[in-house]
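Okay, here's what each chain looks like letter by letter:
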Amino acid sequence: MELSFEEYLREVIIPSRQAWAASMCEVLRHPECGFPDFIGRFENYEADANRVLATLGYDGVKVPHVNSNGQKDYSGILGKTERRLIEGRFWEDFEEFFY
């Protein structure tokens, strides 16, 4: 079965996000549970991944960023419906992580 991106958002991403979001909110709001000292951003994938590897002692290992489409953010590649679905469902993440 082939899904459009909009269908994929509605049927897979948004419903599955609920369980993950609850877990992540608990971690972020309760430092005694093991508050993360670094949260990487997909937009900085290569630099952030290399930072984590260096922190773990893997200075010589590098993670290249391949298949970049050159877009600075998601809004240039999504239609209005997809943007509304994503922004509506993930608004807390946009606020929490300064998107």
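This one's a predicted model, so the numbers in the text were calculated from it and none came from an experiment.

Thresholds applied
- Residues numbered from 1 in each chain as written.
- Predicted model: local features only at pLDDT ≥ 70, side-chain atom pairs only at ≥ 80, totals over all residues.
- Heavy atoms only, no water.
- Helix = DSSP H or I, 4+ residues; strand = E, 2+ residues; numbered from the N terminus.
- Contact = heavy atoms within 4.5 Å.
- Core = buried A, V, L, I, M, F, W, Y, C linked by side-chain atoms within 4.5 Å.
- Buried < 20%, exposed > 50% of the residue type's maximum accessible area, 1.4 Å probe, protein only.
- Polar contact = N/O pair within 3.5 Å; in protein donor to acceptor, adjacent residues only side chain to side chain.
- Patch = residues over 30% accessible without salt bridge, like charges linked within 9 Å, V, L, I, M, F, W, Y side chains within 5 Å.
- Areas by Shrake-Rupley, 256 points an atom, 1.4 Å probe, with all protein chains shown as cover.
- Salt bridge = Lys/Arg side-chain N within 4 Å of Asp/Glu carboxyl O.
- Arc of directions from axis to C-beta.
- pLDDT = per-residue confidence, 0-100.

1. Structural notes on the overall build of the protein
So, point 1. Looking only at helices and strands, the protein features four helices and zero strands.
So, point 2. Order of helices (α) and strands (β) in the protein, N terminus to C terminus: α-α-α-α.
So, point 3. Restricting the contact set of the protein to residue pairs at least 6 apart, pairs at least 24 apart contribute 43%.

2. Examining the nonpolar core
So, point 1. Grouped together as the largest cluster of nonpolar side chains are six residues: L9, L78, L85, I86, F90 and F94.
So, point 2. Apart from residues lying up to four places away in sequence, L78 is in contact with F5, R83 and I86.

3. Quick look at the side chain of E82
So, point 1. On the secondary structure map, E82 appears in helix α3 (residues 80–89).
So, point 2. Only 3.3 Å separates the side chain of E82 from the backbone nitrogen of G79, close enough to count as a polar contact.

4. Examining the side chain of N50
So, point 1. For N50, the position within the fold is in helix α2 (residues 45–55).
So, point 2. A polar side-chain atom of N50 sits 2.7 Å from the main-chain amide nitrogen of V63.

5. Section: a nonpolar patch on the surface
So, point 1. On the surface, a cluster of nonpolar side chains totalling about 310 Å² of accessible area is made up of L3, F5, Y8 and V12.
So, point 2. By the secondary structure assignment, F5 is in helix α1 (residues 5–29).

6. Some details on the environment of R83
So, point 1. Following the sequence through the fold, R83 ends up in helix α3.
So, point 2. Using a relative accessible area of 22% as the deciding quantity, one classes R83 as partly exposed.
So, point 3. Counting along the chain gives 77 residues from R83 to E6, while the straight-line C-alpha distance between them is 9.4 Å.

7. Things to note about α3
So, point 1. Looking only at α3, the buried set comprises E82, L85 and I86. Around the axis of α3, the buried residues are gathered within 90° of arc, so they sit on the same side. Seen from the buried face of α3, the exposed residues on the opposite side, beyond 90 degrees, are K80 and R84.

8. Points about the confidence of the model for the protein
So, point 1. Mean pLDDT over the protein works out to 76, with 66% of the residues at or above the 70 mark.
So, point 2. Model confidence for the protein, summarised as mean pLDDT per element, is weakest for α1 at 67 and strongest for α2 at 89.

9. Comments concerning the environment of P64
So, point 1. Mapped onto the elements of the fold, P64 is located in the loop between α2 and α3.
So, point 2. Residue classification places P64 among the exposed positions, given a relative accessible area of 53%.
So, point 3. Each C-alpha atom of the pair P64 and E46 lies 5.8 Å from the other, and the pair is 18 residues apart in sequence.
So, point 4. In contact with P64, not counting residues within four places along its chain, are Y45 and E46.

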